[in-house]
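What follows is each chain in one-letter form.
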Amino acid sequence: DSGVTQTPKHLITATGQRVTLRCSPRSGDLSVYWYQQSLDQGLQFLIQYYNGEERAKGNILERFSAQQFPDLHSELNLSSLELGDSALYFCASSHTEDRASGANVLTFGAGSRLTVL
Amino acid sequence: QKEVEQDPGPLSVPEGAIVSLNCTYSNSAFQYFMWYRQYSRKGPELLMYTYSSGNKEDGRFTAQVDKSSKYISLFIRDSQPSDSATYLCAGGWNFNKFYFGSGTKLNVKP
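Quick caveat: nothing in here was measured; it's all calculated off a predicted structure.

## Here we look at the state of the cysteines
Residue and element names in this part refer to chain A. According to the stated counting rule, one finds two disulfides over all chains in the structure shown. Residue Cys23 pairs covalently with Cys91 via a disulfide, S to S 1.8 Å. Between Cys23 and Cys91 the disulfide shows an S-S torsion of about -55°. By sign, it is left-handed. Separated by 68 residues along the polypeptide, Cys23 in strand 3 (residues 19-24) and Cys91 in strand 9 (residues 87-98) bring together distant segments of the chain. When its relative accessible area of 0% is taken as the criterion, Cys23 is described as buried. Cys91 gets classed as buried once you look at its relative accessible area, which sits at 0%.

Shown next as structure tokens:
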């Protein structure tokens, strides 16, 4: 168990629908990252929040949105779903592994598998 | 062009072999590099990370970064069937956003 909790583990829905994926970061981690993993695209960075504020944005579609709440859990909202949105969605949280270099190492959750039919 | 390129494999080796996994990256500003291992139906887990160029060793694993050629390598010595997984490399220029390769699937045969 990595300490990052994601729910639901599996989700099957229809095109045009909206879903919400939830993530609880490791205890003490302030940053939450969302990634999408599909077979043909690999692991794609979507968005990052730090202590409730958006810090970085990647290839996130306008139909997708996220937020981080005061208790630091985060939700990723996917709307007007299309077949191509079927993927594994990972949440990761970060801490500083090496204070000298300032690198933030990501700890991933087990993912939420979304299937859009 | 993707920021980080990785051969998807699959790579199949016999138990005990030395495994070499490689990635290239395009952005010369990258300073942070990581290797993650992902078992089937699980989230990626950190194996090693390096800052800037050079080698880093941890048990049977050695990570190597050559910034002059923009090349990232992971070597696994005495490979075991339990090493069978997908290996993802990643690079970035700050700690907010990393770019991942698409992963190389490794199969270590007993």
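Continuing now.
## Observations regarding the nonpolar core
Here is a general trend for soluble globular proteins: nonpolar side chains tend to be buried in one another's company. Core analysis: the biggest nonpolar cluster contains 23 residues, and B:Trp35, B:Leu74, B:Ile76 and B:Tyr87 have the highest contact counts within it. Put simply, the parts of the chain that give this core at least two residues each are strand 3 (19-25), strand 4 (32-38), strand 5 (45-51), strand 7 (61-66), strand 8 (71-76), strand 9 (85-94) and strand 11 (104-109) of chain B. If one sorts the elements of this core by residue count, strand 3 of chain B sits on top with four residues. Beyond its immediate sequence surroundings of up to four residues, B:Tyr87 is in contact with B:Gln6, B:Leu21, B:Trp35, B:Tyr36, B:Arg37, B:Leu47, B:Leu74, B:Ile76, B:Gly103, B:Thr104 and B:Leu106. Formed by 20 residues, the second largest nonpolar core is a distinct cluster that contains A:Leu76, A:Leu81, A:Ala87 and A:Val116.

## Brief notes about the side chain of A:Ser79
All names here are of chain A. Mapped onto the elements, Ser79 comes out in the loop between strand 8 (74-78) and strand 9. Overall, Ser79 belongs to the buried group, its relative accessible area being 18%. Within polar-contact distance, the side chain of Ser79 engages the backbone oxygen of Arg63 at 2.8 Å. The contact partners of Ser79, leaving out residues within four places of it in the chain, are Gln17, Arg18, Arg63 and Phe64.

Cut-offs and rules
- Residues numbered from 1 in each chain as written.
- Chains lettered and ligands numbered in written order.
- Predicted model: local features only at pLDDT ≥ 70, side-chain atom pairs only at ≥ 80, totals over all residues.
- Heavy atoms only, no water.
- Disulfide = S-S within 2.5 Å.
- Helix = DSSP H or I, 4+ residues; strand = E, 2+ residues; numbered from the N terminus.
- Buried < 20%, exposed > 50% of the residue type's maximum accessible area, 1.4 Å probe, protein only.
- Core = buried A, V, L, I, M, F, W, Y, C linked by side-chain atoms within 4.5 Å.
- Contact = heavy atoms within 4.5 Å.
- Polar contact = N/O pair within 3.5 Å; in protein donor to acceptor, adjacent residues only side chain to side chain.

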